[in-house]
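Here is how the chains run, residue by residue.
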Amino acid sequence: MNLLELNHVEKSFGDLSVLKDISLSVSEGEIVSIIGPSGSGKSTLLRCATMLEEIDGGEIRYMGETVASA
């Protein structure tokens, strides 16, 4: 079972599209690293995954249960 699933997540701030069609899954015991240049959306992705930011599109699931969808 996947502990975390992000399916086609999108997030924009005004006209600036920060996350575009992001999908990933994290299984139990798996270690994931998010890397990329400054301004590429790493912090926004983590803020969306922890429900600190509301997503504009897609779905977030924890342990098989949908916790956010747009």
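Residues numbered from 1 in each chain as written. Predicted model: local features only at pLDDT ≥ 70, side-chain atom pairs only at ≥ 80, totals over all residues. Heavy atoms only, no water.

Undergrad: Give a detailed account of the sheet that holds strand S2 (residues 16–27), specifying residues and quantitative values.
TA: Think of a sheet as strands paired side by side through backbone hydrogen bonds, with each pair either parallel or antiparallel. If you walk across this open sheet you meet the four strands as S2-S1-S3-S4, and the pairing is antiparallel. With one partner strand each, in any of the chains shown, S2 and strand S4 (65–69) form the two edges of the open sheet. With direction set aside, neighbouring strand axes in the sheet form an average angle of 20°. Here strand S1 (residues 2–13) runs beside strand S3 (residues 57–62); their pairing, made up of five bridges, is antiparallel. When the sheet's bridge partners are listed, Glu-5 is paired in S3 with Arg-61. Against the sheet, helix H1 (residues 42–49) engages S1, S2 and S3, with an angle of about 60° to S2. (Pairing = 2+ DSSP bridges. Helix = DSSP H or I, 4+ residues; strand = E, 2+ residues; numbered from the N terminus. Axes fitted to C-alpha atoms, helices over the stretch in contact; angles between N-to-C directions. Contact = heavy atoms within 4.5 Å.)

Undergrad: Got a sec to walk through the pattern of salt bridges? Specific residues and values, please.
TA: Across all of its chains, the model carries three salt bridges by this definition. The partner of Arg-61 in a salt bridge is Glu-59, and the shortest N-O contact between them spans 4.0 Å. Here the salt bridges share partners, and the residues they tie into one network are Lys-11, Arg-47 and Glu-53. (Salt bridge = Lys/Arg side-chain N within 4 Å of Asp/Glu carboxyl O.)

Undergrad: How would you explain the pairing of S3 if you had to name every residue and give the values?
TA: Two elements, S3 and S4, share four bridges in a ladder whose sense is antiparallel. Within S4, the residue paired with Ile-60 across the bridge is Ala-68. The loop that links S3 with its antiparallel partner S4 comprises two residues; one of these, Met-63, has a positive phi angle of about 50°.

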